[in-house]
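Examination of the molecular architecture
In case you want the letters, here they are:
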Amino acid sequence: MRLLLLACLRARTGNATTAARIQNHLHAAGHICVLKDAFMYESQTEIANLISTDKFDGALAIHLYKGGRLLQGSRIPFGIIFGGTDVNEDVKCEEKHRVMGAVLEEARFAVAFTMKMKELAAAEWPDARKKIYVQTQGIKTTPKETFDWYRFLQNADWHRKEPSIHLGIIGPAVDPLFTSEVKEKVKRAPGVHLLQEMPQDDLHAAMKRCFAVVNSSISEGMSAAILEAMDLNIPVLARNIPGNAAIIKHKETGLLFSNPQEFVVLSKSLMNDPIMEKEIVTRAKDYMKKHHSWESERKAYENLVRRLQ
């Protein structure tokens, strides 16, 4: 099949990484899968013209609203992959809720990364329950062997004269207003460093040299960064929200915090207890092998796409 995959493709974001991984799975199954950035299109008519011109047989969209709304009324069969903010945040907007319900009604199937996400979606659109499948993200980390850690630290302006605890915030500036607020706060916070996004293999190499990976998101579908850290044997400290709690069992496969004070307490306990650290890392790695197999994810999408034929 010739398949269209719509997603928000800002470079080096979770959505872009997930989209590229799914594209790879579908290519391996013998399909042609073309990635298109949902932000480049404003209307269903534009997508209809694209489908007609490029002769697509089926389509997938990541995010029920951002990608899915563009496929509403499409003449080709399509499936949806929930992003996280669609089910967690966009449902609160009446108009978006209506649009997403209509899209889900037309979709052949929908994929939720966790059972919790499926239950949230099914609570909003009960008639769609039977078409929602749970498929966790499959992770394969590839740390760059030649990554220069010391040059990275120098470029990050780490305080080498006082090697204490530092926090590096790495990623693209998706929201300009929020980014400017963060930059101002970082200026007044010694030891906190705001770093630009980097290639995934460099990021994985940097993560391997860190004591822990922190996820402070207030809304998540399923954080690939958390899963990558687990795969790399790095402890995870994450905000206690449904998306994170679905993949982290507190004090078993990671640590969950609810406020800054708790974050500091848990961080210190992790630093001062190497036995706990080793146990958490070992259990997290076992969890990854059991629940986030890259090969299992590939087979799942190969099977789901058959529903578009």
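Reference entry: report on the structure contained in this document. All values derive from a computational prediction rather than experimental measurement.

1. A look at the pairing of strand β1 (residues 2–7)
Of all the six residues making up β1, five are buried; the element is thus mostly covered by neighbouring parts of the structure. Of the pairings in the sheet, the one linking β1 to strand β2 (residues 32–37) comprises six bridges and is parallel in character. Note that in β2 the partner of Leu 3 across the bridge is Cys 33. Sheet analysis places β1 next to strand β3 (residues 58–62), joined by four bridges and oriented parallel. Among the inter-strand pairings, Leu 5 is bridged to a residue of β3, identified as Leu 60.

2. Here's the deal with the packing of helix α8 (residues 200–208) against helix α9 (residues 224–231)
A pair of packed helices can be characterised by two numbers: the angle between their axes and the separation between those axes. Direction vectors running N to C along α8 and α9 enclose 55 degrees, while the axes themselves pass 10 Å from each other. Here α9 runs oblique to α8, going by the angle between their axes. Regarding α8 and α9, the two cross each other, and that crossing is right-handed. Contact residues: Gln 200, His 204 and Met 207 in α8; Ala 225, Glu 228 and Ala 229 in α9. Of the residues in the contact of α8 with α9, the class split is three nonpolar, two polar and one charged.

3. Some thoughts on the pattern of salt bridges
Counted by the stated rule, this structure contains six salt bridges. The residue Glu 297 makes a salt bridge to Arg 21 at a minimum N-O spacing of 2.7 Å. On the criterion of sequence distance, the pair formed by Glu 297 in helix α13 (residues 294–305) and Arg 21 in helix α1 (residues 14–28) is long-range, its members being 276 residues apart. A relative accessible area of 1% means that Glu 297 is categorised as buried.

4. Description of empty space enclosed by the protein
For the coordinates displayed, the defined rule picks out one cavity of 30 Å³ or more. Each pocket or cavity is described by its volume, and for the largest cavity that value is around 60 Å³. Every residue lining the largest cavity is listed: Asn 88, Thr 114, Lys 116, Met 117, Leu 120, Glu 220, Gly 221, Pro 242 and Gly 243. Elements represented by at least two residues in the lining of the largest cavity include exactly α5 (115–124) and α10 (242–245).

5. What about the sheet that holds strand β6 (residues 132–134)?
Paired through their backbone hydrogen bonds, the strands of a sheet run either parallel or antiparallel. Here six strands make up an open sheet; going across it, the order is β2-β1-β3-β4-β5-β6 and the pairing parallel. Of all the strands in the sheet, just β2 and β6 have a single pairing partner and so form its edges. Mean inter-strand twist for the sheet, computed between neighbouring axes without regard to direction, equals 20 degrees. Where α1 meets the sheet, its contacts fall on β1, β2, β3 and β4 (78–81), and the angle it forms with β2 comes to roughly 165 degrees. Strands in contact with helix α2 (residues 44–54) are β1 and β2; relative to β1, the strand with the most contacts, it is inclined by about 155 degrees.

6. A few points about unusual backbone geometry
Residues other than glycine seldom take positive phi values, yet Lys 55 does so here, at roughly 55 degrees. Checked against the element boundaries, Lys 55 lands in the loop between α2 and β3. Although it is not a glycine, Lys 251 adopts a positive phi angle of roughly 65 degrees. In this fold, Lys 251 is placed in the loop between α10 and β11 (255–257).

7. Section: the packing of aromatic side chains
A full pass over the atoms with the stated rule returns one aromatic pair. A cation sits over an aromatic face here: Arg 69 above Tyr 65, 5.4 Å from the ring centre.

8. A closer look at a nonpolar patch on the surface
A contiguous nonpolar surface patch, about 260 Å² in accessible area, is contributed by Leu 167, Ile 169, Leu 194 and Val 214. Among the secondary structure elements, Leu 194 is positioned in strand β8 (residues 192–195). A residue is classified by how much of its surface remains accessible, and Leu 194, at 34% relative accessible area, is partly exposed.

9. Considerations on helix α4 (residues 94–106)
The end-to-end C-alpha separation of α4 is 19 Å, in line with the 18 Å expected for 13 residues at 1.5 Å each. Among the residues making up α4, those that are buried are Val 99, Met 100, Gly 101, Val 103 and Leu 104. If you follow the buried residues of α4, they end up packed against β4, α3 (85–88) and β5 (109–112).

10. Here's the deal with the sheet that holds β11
Pairing is parallel in the open sheet, where three strands are placed in the order β9-β10-β11. Both edges of this open sheet fall to β9 (213–215) and β11, since each of them pairs with a single strand only. Between one strand axis and the next, the sheet turns by 20 degrees as a mean value, whatever way the strands run. Pairing between β9 and strand β10 (residues 236–239): three bridges, direction parallel. Bridge pairing links Val 214 to Leu 237 in β10.

11. Examining the packing of α9 against helix α12 (residues 274–291)
Where α9 meets α12, the closest approach of the two axes is 8 Å, and the angle between their N-to-C directions is 115 degrees. One way to sum up the angle between α9 and α12 is to call them roughly perpendicular. Once α9 is placed against α12, the crossing between them reads as left-handed. Side by side, α9 and α12 meet where Leu 227, Met 230 and Asp 231 of the first sit next to Ala 284, Lys 285, Tyr 287 and Met 288 of the second. Of the residues belonging to the contact of α9 with α12, the class tally is five nonpolar, no polar and two charged.

The rules behind these values
- Residues numbered from 1 in each chain as written.
- Predicted model: local features only at pLDDT ≥ 70, side-chain atom pairs only at ≥ 80, totals over all residues.
- Heavy atoms only, no water.
- Buried < 20%, exposed > 50% of the residue type's maximum accessible area, 1.4 Å probe, protein only.
- Helix = DSSP H or I, 4+ residues; strand = E, 2+ residues; numbered from the N terminus.
- Pairing = 2+ DSSP bridges.
- Axes fitted to C-alpha atoms, helices over the stretch in contact; angles between N-to-C directions.
- Parallel < 35°, antiparallel > 145°, perpendicular 65-115°, else oblique.
- Left-handed = near helix turned anticlockwise from the far one by under 90°.
- Contact = heavy atoms within 4.5 Å.
- Nonpolar A, V, L, I, M, F, W, Y, C, P; charged D, E, K, R; others polar.
- Salt bridge = Lys/Arg side-chain N within 4 Å of Asp/Glu carboxyl O.
- 1 Å grid on protein atoms, 1.4 Å probe; cavity = no way out; pocket = protein on both sides within 12 Å on 5 of 7 lines; lining within 4 Å.
- Points joined across faces, edges and corners; volume = space filled by probe spheres on them.
- Phe/Tyr/Trp six-rings, centres within 6.5 Å; stacked < 30°, edge-to-face > 60°.
- Lys NZ or Arg CZ within 6 Å of the ring centre and 35° of its normal.
- Patch = residues over 30% accessible without salt bridge, like charges linked within 9 Å, V, L, I, M, F, W, Y side chains within 5 Å.
- Areas by Shrake-Rupley, 256 points an atom, 1.4 Å probe, with all protein chains shown as cover.
- Expected span 1.5 Å × (residues − 1).

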